[in-house]
Protein chains: 2
Amino acid sequence: MPDVDLPFSRQEYADRLTKVRASMEARGIEVLVAADPSNMSWLTGYDGWSFYTPQAVVVTHDGEPWWWGRRMDANGARRTVYMDEAQILDYSDDHVMSTERHAFGQLAGLLDGMGHGSARVGVELDNYYYSAAAHQHLCAGLPDAEVLDDTALVNWQRGVKSDRELEYMRRGARIVERMHARIRDIIQPGMRKCDLVAEIYATGISGTEEFGGDYPAFVPMMPTGADASAPHLTWDDKPLKVGEGTFFEIAGAYRRYQLPLCRTTFLGTPPDDMRRAEKAVLNGLDAGLAAARAGNRAKDVATDFYTTMEAAGFHKEGRCGYPIGISYPPDWGERTISFRTTDETVLQSGMTFHFMPGLWMDTWGLEITESIVITEDGPAEPLADVPRAIYVKG
Amino acid sequence: MPDVDLPFSRQEYADRLTKVRASMEARGIEVLVAADPSNMSWLTGYDGWSFYTPQAVVVTHDGEPWWWGRRMDANGARRTVYMDEAQILDYSDDHVMSTERHAFGQLAGLLDGMGHGSARVGVELDNYYYSAAAHQHLCAGLPDAEVLDDTALVNWQRGVKSDRELEYMRRGARIVERMHARIRDIIQPGMRKCDLVAEIYATGISGTEEFGGDYPAFVPMMPTGADASAPHLTWDDKPLKVGEGTFFEIAGAYRRYQLPLCRTTFLGTPPDDMRRAEKAVLNGLDAGLAAARAGNRAKDVATDFYTTMEAAGFHKEGRCGYPIGISYPPDWGERTISFRTTDETVLQSGMTFHFMPGLWMDTWGLEITESIVITEDGPAEPLADVPRAIYVKG
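Each value, and the rule that gives it
- Residues numbered from 1 in each chain as written.
- Chains lettered and ligands numbered in written order.
- Predicted model: local features only at pLDDT ≥ 70, side-chain atom pairs only at ≥ 80, totals over all residues.
- Heavy atoms only, no water.
- Pairing = 2+ DSSP bridges.
- Helix = DSSP H or I, 4+ residues; strand = E, 2+ residues; numbered from the N terminus.
- Axes fitted to C-alpha atoms, helices over the stretch in contact; angles between N-to-C directions.
- Core = buried A, V, L, I, M, F, W, Y, C linked by side-chain atoms within 4.5 Å.
- Buried < 20%, exposed > 50% of the residue type's maximum accessible area, 1.4 Å probe, protein only.
- Least-squares fit on C-alpha atoms with pLDDT ≥ 70 in both.
- Contact = heavy atoms within 4.5 Å.
- Parallel < 35°, antiparallel > 145°, perpendicular 65-115°, else oblique.
- Left-handed = near helix turned anticlockwise from the far one by under 90°.
- Nonpolar A, V, L, I, M, F, W, Y, C, P; charged D, E, K, R; others polar.
- Buried area = accessible area lost by both parts, 1.4 Å probe.
- Salt bridge = Lys/Arg side-chain N within 4 Å of Asp/Glu carboxyl O.
- Expected span 1.5 Å × (residues − 1).
- Arc of directions from axis to C-beta.
- pLDDT = per-residue confidence, 0-100.
- Polar contact = N/O pair within 3.5 Å; in protein donor to acceptor, adjacent residues only side chain to side chain.

Colleague: I tried to follow the sheet that holds strand E15 (residues 391-393) of chain A on my own but got confused; where do I start?
Modeller: Within a sheet, adjacent strands bond to each other through the backbone by hydrogen bonds, running parallel or antiparallel. All names here are of chain A. Strands sit in the order E7-E8-E15 across an open sheet of 3 strands; the sheet is mixed. At either end of the open sheet lies a strand with only one pairing partner, and these are strand E7 (244-254) and E15. In this sheet, neighbouring strand axes are inclined to one another by 30° on average, regardless of whether the strands run parallel or antiparallel. Relative to E15, strand E8 (residues 257-267) runs parallel, the two sharing 3 bridges. Looking across to E15, one finds that Thr265 is bridged to Tyr391.

Rendered as structure tokens:
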């Protein structure tokens, strides 16, 4: 096996496995099939852009986890996971883009061969990387097994971050600070958006002198003017114009840990209603940060934020935050808790969130957000330090 | 509705719809639910990084398609699709990351309300953006419907490219040429890989003076040295060293059309076996290009390539190419044909492929590839012009 530059100690991986097994035990799960690349990486260290073909980490109550995937990607597993060679399972290339055989059918055969043919098997039923076809083939290959939905079982164990994880996220914060500084330095009327995005990418990937950046789980989203009412547009090659606002939904990333942070710019003089909204959002952020403390509930953050916004005349619904940590495209959220007025989850020290209020109005959009960590006591700590205001130029 | 800068004429969208409906008709499909973002975009113009929440385009045999997705993304649909407001359907934000209600259950209700409660409904069963849970909720909400697997039904209609599509891919080719030229300009021992990737990104996104670049469906994959035996590793912040090869699996992109092209660099003097492999791959490429002509079959390209490689002493299996065109992460392949010795698909003029032989050996990897278009007669035309050799730097 080649030398592996593990991002975490073996003890940390062992601790994670213990937590996951306890959750499996509580649900009566004997075999867990985790196909979410974030979960695979968090459990084993596996890293690679190979999730476009079937792959998974298999956890039972004995021994080390198994990595399973395409044969050519087993070489990537050998270079990134902590487990021994015997724990690496693969399937041949004729399963790829085949209408005759499905890789998850092959996995079913492997599990059966390991003696799990009649086990209680947990799968991540609602995940990008576990398709409806994957599920049918796994179930068909394990006719005597009981296949149960364990979407987000692993994700829930990822909520409280270790010191090392927080260190990686603080590195992401240093990177996203530089990305926003670069935007402030160079944005100007007449600049093509694609050229601005090029600089954002270059800054984020180069990182700092001490450590380089990784790819964020989203591409930069940065709609301008009236397009900013549509939050998930990306960019084009049109020039930026005076009289238009743009929001930048971007993240710094370090070893797959994501640190999203949004800011809004305006070329010229922002309209009064946008300025009013800015004031409301800043007050709402303050209220939410104060509520985001250990022992409070996720809904407390949302309630205090929305109440502040309502008082300022802005009605907003939906959620205003979600947990963050390790992630792969297409989403940097942890997919568990929501800052929503109905979410009863108790906040714990070491949990990390993107507190993400967005206002998408008919003619403009405003995003000023913070990525935060819940502390032992006191309000949440913003991880990045970027001026919390609309950046106005010219 | 805002002004929409459609990438294609309304006539072209109408022609696409006609082709898809003919294929639906042949399969007896009354309602097609296409959740693949590439298919959604090809059918309607929709563009946005919103595929991390449920969304789809619905096609029946009457009228225009429907766009369906999260409420905040309906604003993005209004800005990118050709259809009227009445064709835009959405679901409320409390379906997002909810364990109580699933968006695909809501879609089932909408389809039922349109009178499709007992229709034959086609779904893309094996797609990242149609999870096992999505399928269960759609089926549960349409108990009297017959839900059938139509994975890749739309993809197959995308194979032969229009003149406008080829124009976009040629723009992608201009971009990827610049990306490789930039690598050749700046690569040197001691350079951190992340800094090289930063430049690759910046070059690809800036594009040319005439048109900007879009995001590729993969991030750059560029393993070095022995890591190059693992094809899907990304990058780190370690310095490049003398005596090591690196391959660059990258793409230029224009308005979501992807033009992948791989080249390999070596700092110092490449080992003899790598030079032998280079020669074999170049001969194999020539053989494959000659076989990649209208009327031949996909397997002919693979057979002629592998035969040439075998004659040179390199045994390789798997596939050595796949169709390309419009795409979103995590894959830039069209997911239909494979250059594989068993694929009987007849090649047609206007089809585009990434002819992608990769050699991933124990201590090095070599990728020299071409993106090609099948011509009326004669061998396939490479779309980009990048020196077809290992790039060696002192």
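There is more to say, and it comes next.
Colleague: Please clarify how unusual backbone geometry should be interpreted in this entry.
Modeller: Both trends apply: most residues other than glycine have a negative phi, and most peptide bonds are in trans. Residues and elements named next belong to chain A. Backbone torsion omega between Pro329 and Pro330 reads 10°, so that peptide bond is classified as cis. Relative to the elements of secondary structure, Pro330 occurs in the loop between strand E9 (321-323) and strand E10 (352-355). In this model, Ala152 sits at a positive phi of 75°, which is unusual for a non-glycine residue. By secondary structure assignment, the location of Ala152 is in the loop between strand E6 (146-149) and helix H6 (153-157).

Colleague: Would you mind going over the nonpolar core with me for this structure?
Modeller: Note that soluble globular proteins tend to have their nonpolar side chains buried in a common cluster. With 154 residues, the main nonpolar core has A:Trp67 and B:Trp67 as its most contacted residues. Counting residues in hydrophobic clusters, the runner-up holds 31 residues, among them B:Phe266, B:Met274, B:Val281 and B:Phe355.

Colleague: What am I meant to see in the relation of the copies chain B and chain A here?
Modeller: Between the two chain copies there is a screw-like relation: a rotation about an axis and a shift along it. Rotating chain B by 180° and translating it 0.0 Å along the rotation axis places it on chain A, where the RMSD comes to 0.0 Å. Here the transformation between the copies is reduced to the relation of a two-fold axis. Every residue of chain B has its C-alpha some distance from the rotation axis, and the shortest such distance is that of B:Ala132, at 1.8 Å. Comparing interface residues between copies, 100% of those in chain B also lie at the interface in chain A; the contact surface is shared.

Colleague: Hey, could you run me through the packing of helix H9 (residues 272-291) of chain B against helix H10 (residues 298-311) of chain B in this one?
Modeller: Packed helices, taken two at a time, are described by the angle between their axes plus the distance between the axes. All names here are of chain B. Two elements in contact, H9 and H10, have axes separated by 8 Å at closest approach and are oriented at 155°. When the axis of H9 is compared with that of H10, the two are roughly antiparallel. Relative to H10, H9 is oriented so that their crossing is right-handed. Contacts from Ala280, Val281, Asn283, Gly284, Leu285, Ala287, Gly288 and Ala291 in H9 reach Asp300, Val301, Asp304, Phe305, Thr308 and Met309 in H10. Its residues assigned to classes, the contact of H9 with H10 shows 8 nonpolar, 4 polar and 2 charged.

Colleague: Whenever I open this one, the sheet that holds strand E4 (residues 88-91) of chain A confuses me. Can you help?
Modeller: All names here are of chain A. With mixed pairing, 6 strands are arranged side by side in an open sheet as E4-E3-E2-E1-E5-E6. Of all strands in the sheet, those bounded by a partner on one side alone are E4 and E6. Neighbour to neighbour, the strand axes of the sheet diverge by 25° on average, direction disregarded. In terms of strand pairing, strand E3 (residues 66-70) meets E4 through 4 bridges, oriented parallel. Paired with Trp67 across the strands is Ile88, a residue of E4. In the packing of helix H2 (residues 37-44) onto the sheet, contacts are made with strand E1 (31-34), strand E2 (56-59) and E3, and the angle to E2 comes to roughly 55°. Contacting E3 and E4, helix H3 (residues 71-80) crosses the sheet at an angle of about 140° to E3.

Colleague: What is the right way to read the interface of chain B and chain A from this model?
Modeller: Where interface size is given, it is often the accessible area lost as the parts come together that is meant. Contacts between the two partners involve 75 residues from chain B and, on the opposite side, 75 residues from chain A. Taken together, both faces of the contact between chain B and chain A bury some 5,800 Å²; the carbon and sulfur share is 57%. Broken down residue by residue, the surface that chain B buries against chain A is led by B:Trp49, B:Met97 and B:His232, which jointly contribute 13%. For the pair chain B and chain A, the interface holds 4 salt bridges. The closest approach of N and O atoms between B:Asp5 and A:Lys238, which form a salt bridge, is 3.4 Å.

Colleague: Could you clarify how one ought to interpret helix H10 (residues 298-311) of chain A in this entry?
Modeller: In an α-helix there are 3.6 residues to a turn, and that puts residues three or four apart on one side. All names here are of chain A. Helix length check: H10 (14 residues) gives 21 Å between terminal C-alpha atoms against 20 Å at 1.5 Å per residue, within 8%. Within the span of H10, buried status applies to Ala298, Val301, Ala302, Phe305, Tyr306 and Met309. The buried residues of H10 all sit within an arc of 115° when viewed along its axis, so they share a single face. Looking at the buried side of H10, the elements it contacts are helix H9 (272-291), E10 and strand E11 (358-360). Immediately beyond the C-terminal end of H10, within one or two residues, lies Gly313, with a positive phi of roughly 90°.

Colleague: Help me understand the confidence of the model for chain A, please; the structure alone is not making it clear to me.
Modeller: Atom-level detail of predicted coordinates should not be read off regions where pLDDT is low. Chain-level statistics for chain A give a pLDDT mean of 96 and a share of 99% at 70 or above. On the interface metric, ipTM, the complex scores 0.96, and its pTM is 0.97.

Colleague: Would you mind going over the side chain of A:Thr369 with me for this structure?
Modeller: All names here are of chain A. Position of Thr369 relative to the elements: it lies in the loop between strand E12 (365-367) and strand E13 (370-373). Judged by its relative accessible area of 0%, Thr369 falls in the buried class. Separated by 2.8 Å, the side chains of Thr369 and His354 make a polar contact. Those residues in contact with Thr369 that lie beyond four places of it in its chain are Leu261, Cys262, Arg263, His354, Phe355, Met356 and Pro357.

Colleague: Mind showing me how you'd approach the pairing of strand E8 (residues 257-267) of chain B here?
Modeller: Two faces make up the sheet, and in a regular strand the side chains alternate between them. Residues and elements named next belong to chain B. Of all 11 residues in E8, 11 are buried, a share of seventy percent or more. A two-sided burial pattern is seen for E8, the buried positions comprising Tyr257, Leu259, Leu261, Arg263, Thr265 and Leu267 on one face and Gln258, Pro260, Cys262, Thr264 and Phe266 on the other. Where strand E7 (residues 244-254) folds back on E8, the antiparallel hairpin that results is connected by 2 residues, among which Arg255 adopts a positive phi of roughly 45°.

Colleague: In this structure, what is going on with the pattern of salt bridges? I would like to understand it.
Modeller: Think of it this way: side chains of opposite charge can pair up when their charged atoms draw near. By the definition in use, this model includes 55 salt bridges over all chains. One salt bridge in this structure joins A:Glu146 and A:Arg120, with 3.3 Å as the shortest N-O distance. Taken together, the residues span a long stretch of sequence, with A:Glu146 in strand E6 and A:Arg120 in strand E5 (residues 120-123) at a distance of 26 residues. Given the relative accessible area of 41%, A:Glu146 is considered partly exposed. You can call A:Arg120 partly exposed: its relative accessible area is 27%. A salt bridge links B:Glu167 to B:Arg171; the shortest N-O distance between them is 3.7 Å. Placement of both B:Glu167 and B:Arg171 in helix H7 (residues 163-186) is noted, with a separation of 4 residues, approximately one turn of the helix. Of the residues examined, B:Glu167 reaches a relative accessible area of 33% and is grouped as partly exposed. Bridged by salt links that share partners, the residues A:Arg263, A:Asp286, A:Glu370 and A:Arg388 form one connected network.

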